[in-house]
Amino acid sequence: MTALNDGWFTEVFQDQGTAFSLQVTKKLHEEQTPFQKLEIYQTETFGNLMVLDGCVMLTTRDNFLYHEMMTHPALFTHRDPKKVVIVGGGDCGTLKEVLKHPGVEEAWQVEIDERVTRMSEKYFPELCEANNDPRANFFFGDGIRWMRDIEPNSVDIIIIDSTDPVGPAEGLFALDFYRDAMLALREGGIIVQQSESPLLHTDTIIKGIHEDMRKAGFEHVQTLPFPQPVYPTGWWSCTMASKENPIKYFREDDANNRPFVTRYYNAGIHHGALAMPQFMVDALEDEVRPEEG
Ligand code: SAM
């Protein structure tokens, strides 16, 4: 539920008894795409704001936290990622972070709603800086079908940068999708899923992701929390899983010597994100193997 009052955009989380507001100076865009209602606002202090179906997606000011954490822990954990697929991620922020890695030869953004990308190009141009990189490929269509049809053993990393698990994104948080992703991954492959709020969703969505990823054959599963001020509770997470290699070992030297600029991610942040809060360890007890706990 959203409200616009006296120059404030408010997203109300009725079931939590909370709300998040940003002071807005102008509505820049509004349309009903074939998939969702897309709104863009100019805010007083957070730059531009994208809203899908009333839910805050990103702002100019703080999106780097999410996009860097969806990308760099996975790319510095895989031994040699060459082909990366992003499912969702229409704002292109994750694609930009992926293409910072010189070893990546091919990246695909598989987004159901082309309008999100077109409006991001207009209102978040800094996120779309890598869109003309020859390694960048775009497919506008359903990521669930795309994953079903992709050639087996052809991808190194799959990043699920989706909306919440409702509507077209529901099937991206599902066992069948993880099974298809497992088939698509090459040896050493890694999957990363945006996995909602540790405070709100550990016993529900995050636990479900761990269970389904394990059922799909991902032996090692780990949730990495990170701050995200504009999402419910201000605290978010991604869940990373691999078939063969424990997630806790990453290429720390390469992370320290990365040949590109980050604003949040570094090797220390990576270590810290691998330490799950005790209540999450307790809740995911059956799912967390001793080597990863
Ligand atoms: N950072 C955001 C968050 O966590 O709320 C998500 C950013 S990105 C804008 C999410 C994208 O996922 C949306 O543009 C949406 O259109 C896309 N999406 C949802 N379901 C999809 C599906 N089945 N296949 C491909 N893209 C999908």
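Thresholds applied
Residues numbered from 1 in each chain as written. Predicted model: local features only at pLDDT ≥ 70, side-chain atom pairs only at ≥ 80, totals over all residues. Heavy atoms only, no water. UniProt positions renumbered as here; feature names shortened; annotations may be inferred. Axes fitted to C-alpha atoms, helices over the stretch in contact; angles between N-to-C directions. Helix = DSSP H or I, 4+ residues; strand = E, 2+ residues; numbered from the N terminus. Parallel < 35°, antiparallel > 145°, perpendicular 65-115°, else oblique. Left-handed = near helix turned anticlockwise from the far one by under 90°. Contact = heavy atoms within 4.5 Å. Nonpolar A, V, L, I, M, F, W, Y, C, P; charged D, E, K, R; others polar. Near = heavy atom within 4 Å. Polar contact = N/O pair within 3.5 Å; in protein donor to acceptor, adjacent residues only side chain to side chain. Areas by Shrake-Rupley, 256 points an atom, 1.4 Å probe, with all protein chains shown as cover. Pairing = 2+ DSSP bridges. Phe/Tyr/Trp six-rings, centres within 6.5 Å; stacked < 30°, edge-to-face > 60°. Buried < 20%, exposed > 50% of the residue type's maximum accessible area, 1.4 Å probe, protein only. Right-handed = clockwise from strand over helix to strand, strands pointing away. Domains from an automatic or database assignment. Salt bridge = Lys/Arg side-chain N within 4 Å of Asp/Glu carboxyl O.

- Looking up the protein in an unreviewed UniProt entry gives the name Polyamine aminopropyltransferase, with the organism given as Marinobacter subterrani.
- Recorded in UniProt for the protein, the comment headed Pathway (unreviewed entry) runs: "Amine and polyamine biosynthesis; spermidine biosynthesis; spermidine from putrescine: step 1/1."
- Turning to the protein, the UniProt record has this under Sequence similarities (unreviewed entry): "Belongs to the spermidine/spermine synthase family."

As for the packing of helix 5 (residues 175-184) against helix 6 (residues 198-215)
Argument step 1. Relative to each other, helix 5 and helix 6 sit at 45 degrees, their axes nearing to 8 Å. Here helix 6 runs oblique to helix 5, going by the angle between their axes. Crossing of helix 5 over helix 6 shows right-handed handedness. Contact residues: helix 5 offers Leu175, Tyr178 and Arg179, while helix 6 offers Ile209, Asp212, Met213 and Lys215.
Argument step 2. Grouping the constituent residues of the contact of helix 5 with helix 6 by class yields four nonpolar, no polar and three charged.

What about the site of the ligand?
Argument step 1. Close to the ligand lie 23 residues; Glu111, Asp142, Gly143, Pro168 and Tyr231 are nearest.
Argument step 2. In this structure, Asp142 approaches the ligand through a side-chain N or O atom, which is 2.9 Å from a nitrogen atom.
Argument step 3. Between Ala169 and the ligand, the recorded distance is 3.5 Å, taken from a backbone N or O atom to a nitrogen atom.
Argument step 4. Alone, the ligand offers 590 Å² of accessible surface; in the complex the protein occludes 99% of this.

Examining the sheet that holds strand 9 (residues 136-140)
Argument step 1. Spatially, the seven strands line up as an open sheet ordered 9-8-7-10-11-13-12, and their pairing is mixed. The open sheet has two free edges, formed respectively by strand 9 and strand 12 (220-227), since each of these has just one partner strand. Averaged over all neighbouring strand pairs, the angle between strand axes comes to 15 degrees, with direction disregarded.
Argument step 2. Looking at chain direction, strand 8 (residues 106-111) and strand 9 are connected through five bridges and run parallel. For Ala107, the partnering residue across the bridge sits in strand 9 and is Ala136.
Argument step 3. Contacts from helix 6 reach strand 11 (185-194), strand 12 and strand 13 (235-242) within the one sheet, and its direction differs from that of strand 13 by about 10 degrees.

Notes on the packing of aromatic side chains
Argument step 1. Per the stated rule, a full pass over the model turns up eleven aromatic pairs.
Argument step 2. Taken together, a centroid distance of 6.2 Å and an interplanar angle of 15 degrees make the contact between Phe76 and Phe260 stacked. Here Phe260 lies in the loop between helix 7 (252-256) and helix 8 (267-274) and Phe76 lies in the loop between helix 1 (63-75) and strand 7 (83-88), a separation of 184 residues in the sequence.
Argument step 3. Exposure remark for Phe76: the relative accessible area of 4% places this residue in the buried category.

A closer look at the UniProt feature "binding site: S-methyl-5'-thioadenosine" (unreviewed entry) in the protein
Argument step 1. Mapped onto the present numbering, the UniProt feature "binding site: S-methyl-5'-thioadenosine" (unreviewed entry) falls on Gln36, Glu111, Asp142, Gly143 and Pro168.
Argument step 2. By secondary structure assignment, the location of Gln36 is in the loop between strand 3 (18-32) and strand 4 (37-43).
Argument step 3. Those residues in contact with Gln36 that sit more than four places away from it in its chain are Glu31, Leu52, Asp53, Asp113 and Val116.
Argument step 4. The residue Pro168 is located in the loop between strand 10 (155-161) and helix 5 in this model.

Here we look at the pairing of strand 8
Argument step 1. Summarising the sheet, strand 7 and strand 8 pair through five bridges and their orientation is parallel. Following the sheet pairing, Val85 is matched in strand 8 by Trp108.
Argument step 2. Crossover handedness for the path strand 7 to helix 2 (residues 93-98) to strand 8: right-handed.

Describing the domain arrangement of the protein
Argument step 1. As assigned here, the protein comprises domain 1 (2-59) and domain 2 (63-283).
Argument step 2. For domain 1 and domain 2, the distance between their C-alpha centres works out to 24 Å.
Argument step 3. In this assembly, 21 residues from domain 1 lie in contact with 18 residues from domain 2.
Argument step 4. Our count for the domain 1 to domain 2 interface comes out at one salt bridge.

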